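Breakdown of the fold
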Amino acid sequence: MTNWKVILNIAKTHLLTKFKQTSTAALGVTFGIGAYITLVCFMTGLNKMLDDLILDQTPHIHVYNEIEPSKQQPVDLYEEFKNSFKVVHSIKPKLSQSKIHNALPIIKYLNEDKNVRGAIPQVKSQIFYIAGSIELGGNLTGIIPLEEARLFNFQNYIIKGSTTDLHKNDNGILLGAGVAKKMSLDVGDRVQISTIDGEIFPLKIVGLFQSGIADIDNIQSFTNLKTVQRILGESDNYITDINVKLHDMSSAFQMSQDIEKQFKLKAIDVETANAQFQTGMTIRNMITYAVSITLLIVAGFGIYNILNMLIYEKMNDIAILKATGFSGKDVQMIFMSQALIIGIVGGVLGLIIGYGLANYINTLPFETEALPTIKTLPVNLNPMFFIIGISFALISTFFAGYLPSKKAKKIDPVRIIRGQ
Amino acid sequence: MKKVLETKHVHKYFRKPVLFHVLKDINIDVKKGEFVSIMGKSGCGKSTLLYILSTMDTDYEGELFLNEELITGQNNDVLSYIRNKHIGFVFQFHYLLSEFSVLENVMLPAKKLAEKSLEEIEYDAMQKLKILEIDKLAQKRASRISGGEKQRVAIARALINNPAIILGDEPTGNLDSYNSDNVFEIFKQLSIDQGLSLLVVTHDIDFADRTDRIIEMSDGEILY
C-alpha cells in the first residue's frame, strides 16, 4: 500500500520549501559528524603515535637473568628444622653469571612458537666513553640492527645514519644524541670505549640515536652484537637479554609466566612494565568517545527540534493528507524520510568536512624530540571511523525523526479541520 | 435505488469536558445521484455527523454503510483506502497543500491510489480542472490563487478518483455570494451530468433550498 514515490516527493517538497530550516538541521548533523571524524582521527592518531613511542620500541616480553637472592635458602632444605621458626640475617645474592644460560637454544625455541613474531638477543654492558681526558659512564648494547629495525621500529629513533650502516660496519657505533652533544662528536668521528676492566677500543660513529628521553640519550649507545661480545672478550653465546615481540600483545602476560617457569629466568611482559601507560591510553580513548558521542547527541536533538517544529507547521497538510486517503503510516513515513534525508545529506557532508579537516591537521608542522621521524601532527584515517560516523548520523536522525513522526501519525485530522 | 451511504442507529458521545450525548440514534441514507444537504443550528452535531460519515471519526456507536457494505470497525489502513477511493472532501477552509502546484494538489489522491499511470492521472486532473474552468491555473502554486479558485481546486481534488460520494463541510461558508452560487452550480452540474452523490453540511438556507433533499437536525436528532 505504501507508495514510496509519492511519499518521497512530498518529503522532498517539504524540505525544499523550508530550505533554511532543512539546511540548519543538516548542518547540525554535518558539524556533529565532521567534528567526530576530525576528533577521532586526530585523537587516535596521537594515541597511535604515543603507542609507537612507548610500545613499539619496548619488547612484549623482556627475558633476562635477574641477580637476586635465592628464594629457597639452604636452611629450608634441612629436615631437622622443618617445623621451626628460622631467621636468616644478611642474605646476599649468589654469585652467578649475568648471561642467560643456553640463550641460543632458547631463542631458537621461542622463534618456533606460532604466536611469536620474533625473539632477538641483546648484550648489555657497562662502559665508559673516552674523548680526550673526559670519561663518561654509559651503556653499550649489542644488537642485531636489521632485526631491531624489523621488530621494534628502531630506525625511527636514528636521527643520522641508518641501521644498515651499523650492520655493514663491524667497528661501528650508534651513539646516543646526548653523548654525542656532550663530547661534541658527529657521524664519521671516532669514539673510544673503555670496558670496566680497562680495555680500550676505538669505534667509528656511523649514526646518532635519539629516543626522546634525555636520561637514555645521555648514556645509551648501540653497536653490533658481535662487537660487544668481542669488546667484553666473550664468546658468541654470551647473551644477556632476549626481547620477544608477539603477534598478539594480550597473550604477553601468560607467555612471560610460562617462560619464567620453563627456563628459570626473569620475564617481564609489556603490560606489567608499562601499567600507567596502558591506563592513560584507555582514558584518552574514553575521552575521545565521550566527546564524540556528546557532539552527535547534540546534533540529534537539533534534528528532533526542527522536525517537531515542522510538524506543528504542517498540521494542516497532515490533516488534509489523512482526509484524502493517506494513512497514518504514510504520514509517518513522510516525516521519517525527511529526517533520514537530513541525516544522509548532513552525514555525508560531515564525512567530507571531517576528512578535509583531518587531512589539514596532518599537514600542520609538529616537531618533537621524542619522535625524530615525525614532522607533522599525526592523524589516523581509519575507514572504520567513517562507517561509524555515517551509521551514527543515520541512527540518531532516525530516532530524532521517529518521535515527531509518531506524533504526526497520531494526529486526528477531524480535530484540526474542525478546529479552524 | 442503490444507497451510497447509510447509517443505522448512530450514537456519539463527547467525553470531555463532561459526558455529552451529541448524536442520538441517527438513521439517514443518501441514494445514488442524490444531492442532499444537512441543515441545523451551530452545535446541533451536523459536522460531527459528517466526520463520522467521512470515516475519519471512528469513535461512535451504531453502523455505517458505504455502497451497502459495512465499514464500521475496519482498521485504519482500510479506512484510509476507502477515503482515498470512494469519498471526496470539500471543506469550508480550502485545505490545499500550499507548497504544491494546483495540478499536484489535484493529482495527489490519485497518485496515492496508484491505479493509473502518471500520464493518465495528469490527463484526468487536467480534465477535472477544465470542468471547473480553472485549467489555466494548473501550474500556479496553491498559495497564490484566490479563495473561490481554491475551493474549485478542492472540488477538483475531491473528484479525481471518481468517488462514490462527495462530502462537504460548509463548502460555501467562507465564500461571497457570487462564488457560493458558482460552487453550488458546479455541485448541481456534477450531480445531474455525472450522477454524483453529494452530502453537504450548510446553514445557508438559499443553498439548501436548491438541493434535492434537506435533512434538518436539532440537538443531535434528525427532525425530518
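Up top is the structure.
Residues numbered from 1 in each chain as written. Chains lettered and ligands numbered in written order. Predicted model: local features only at pLDDT ≥ 70, side-chain atom pairs only at ≥ 80, totals over all residues.

**Here we look at the pairing of strand β5 (residues 172–176) of chain A**
Residue and element names in this part refer to chain A. What counts here: Neighbour counting defines burial: a residue surrounded by 20 or more other C-beta atoms within 10 Å of its own C-beta is buried, one with 12 or fewer is exposed, and intermediate counts give partly exposed, using backbone-placed C-beta atoms. For helices the rule is a DSSP run of H or I covering at least 4 residues; for strands it is a run of E covering at least 2, with both sets numbered from the N terminus onward. Paired strands, as defined in this entry, are two strands with at least two bridges between them according to DSSP.
Of all the five residues making up β5, five are buried; the element is thus mostly covered by neighbouring parts of the structure. As defined by bridge partners, β5 adjoins strand β7 (residues 200–209) across five bridges and the pair is classed as parallel. Looking at the pairing, L175 lines up with L208 of β7. Here β5 runs beside strand β8 (residues 220–224); their pairing, made up of two bridges, is antiparallel. When the bridges of β8 are listed, L175 appears paired with S221.

**Looking at the nonpolar core**
Short version of the rule: A set of buried residues qualifies as a nonpolar core if it consists of Ala, Val, Leu, Ile, Met, Phe, Trp, Tyr and Cys joined through C-beta atoms within 7 Å. Placing C-beta atoms from the backbone, we regard two residues as in contact once those atoms come within 7 Å.
One finds I37 and I303 of chain A together with V106 and L199 of chain B to be the most contacted residues of the largest nonpolar core, which totals 116 residues. No other element matches the 11 residues that helix α14 (residues 328–363) of chain A contributes to this core. The residues touching V106 of chain B, leaving out its near neighbours within four places in the chain, are A125, K128, L129, V153, A156, R157 and I160 of chain B. If you look at the next biggest cluster of nonpolar residues, it comprises 50 residues, including V63, F154, A177 and I239 of chain A.

**Things to note about the sheet that holds strand β8 (residues 165–169) of chain B**
Residue and element names in this part refer to chain B. If you walk across this open sheet you meet the six strands as β7-β8-β9-β4-β10-β11, and the pairing is mixed. The open sheet has two edge strands with one neighbour each: β7 (87–90) and β11 (221–222). Pairing of strand β10 (residues 213–218) with β11 involves two bridges; the strand directions are antiparallel. In the strand pairing of β11, M217 is matched with I222.

**Points about the environment of I231 of chain A**
Residues and elements named next belong to chain A. Along the chain, the position of I231 falls in helix α9 (residues 225–232). On the neighbour-count criterion, I231 (22 C-beta atoms within 10 Å) is buried. With 30 residues separating them in the primary sequence, I231 and F201 have C-alpha atoms 7.2 Å apart. Apart from the residues within four sequence positions on either side, I231 is in contact with I193, T195 and F201.

**Quick notes on the interface of chain A and chain B**
Quite often, the size of an interface is put as the accessible area lost when its parts meet. Heads up, the condition is: Each residue receives one of three labels: charged for Asp, Glu, Lys and Arg, nonpolar for Ala, Val, Leu, Ile, Met, Phe, Trp, Tyr, Cys and Pro, and polar for the others, Gly being one of them.
With 20 residues of chain A in contact, the opposing surface of chain B contributes 23 residues. Tallied by class, the residues present in the side of chain A that touches chain B amount to eight nonpolar, 10 polar and two charged.

**Comments concerning the packing of helix α2 (residues 19–56) of chain A against helix α15 (residues 383–410) of chain A**
All names here are of chain A. Heads up, the condition is: To get an axis, fit a line to the C-alpha atoms, keeping to the stretch in contact for a helix; angles then go from 0 to 180 degrees between the N-to-C directions. An angle counts as roughly parallel when it lies under 35 degrees, as roughly antiparallel when it exceeds 145, as roughly perpendicular when it falls between 65 and 115, and as oblique in every other case. Here a crossing is called left-handed whenever its near helix is offset anticlockwise from the far helix by less than a right angle, and right-handed whenever the offset is clockwise.
It is at 10 Å that the axes of α2 and α15 come closest, and there the two elements cross at 150°. In terms of orientation, α2 and α15 fall into the roughly antiparallel class. Here α2 runs over α15; the crossing is right-handed. Contact residues: α2 offers V29, I33, Y36, I37, V40 and C41, while α15 offers F385, F386, G389, A393 and T397. Looking at side-chain class alone, the contact of α2 with α15 contains nine nonpolar, two polar and no charged residues.

**What about unusual backbone geometry?**
All names here are of chain A. In this structure, S90 takes a positive phi of about 55° despite not being glycine. Note on placement: S90 falls in the loop between α3 (74–77) and α4 (103–112). In this structure S90 comes out as exposed when scored by C-beta crowding, with 4 C-beta atoms within 10 Å. Backbone geometry at S184 places phi at a positive 40°, although glycine is not the residue there. Mapped onto the elements, S184 comes out in the loop between α7 (177–182) and β6 (190–195). Overall, S184 belongs to the exposed group, with 8 C-beta atoms counted inside 10 Å.

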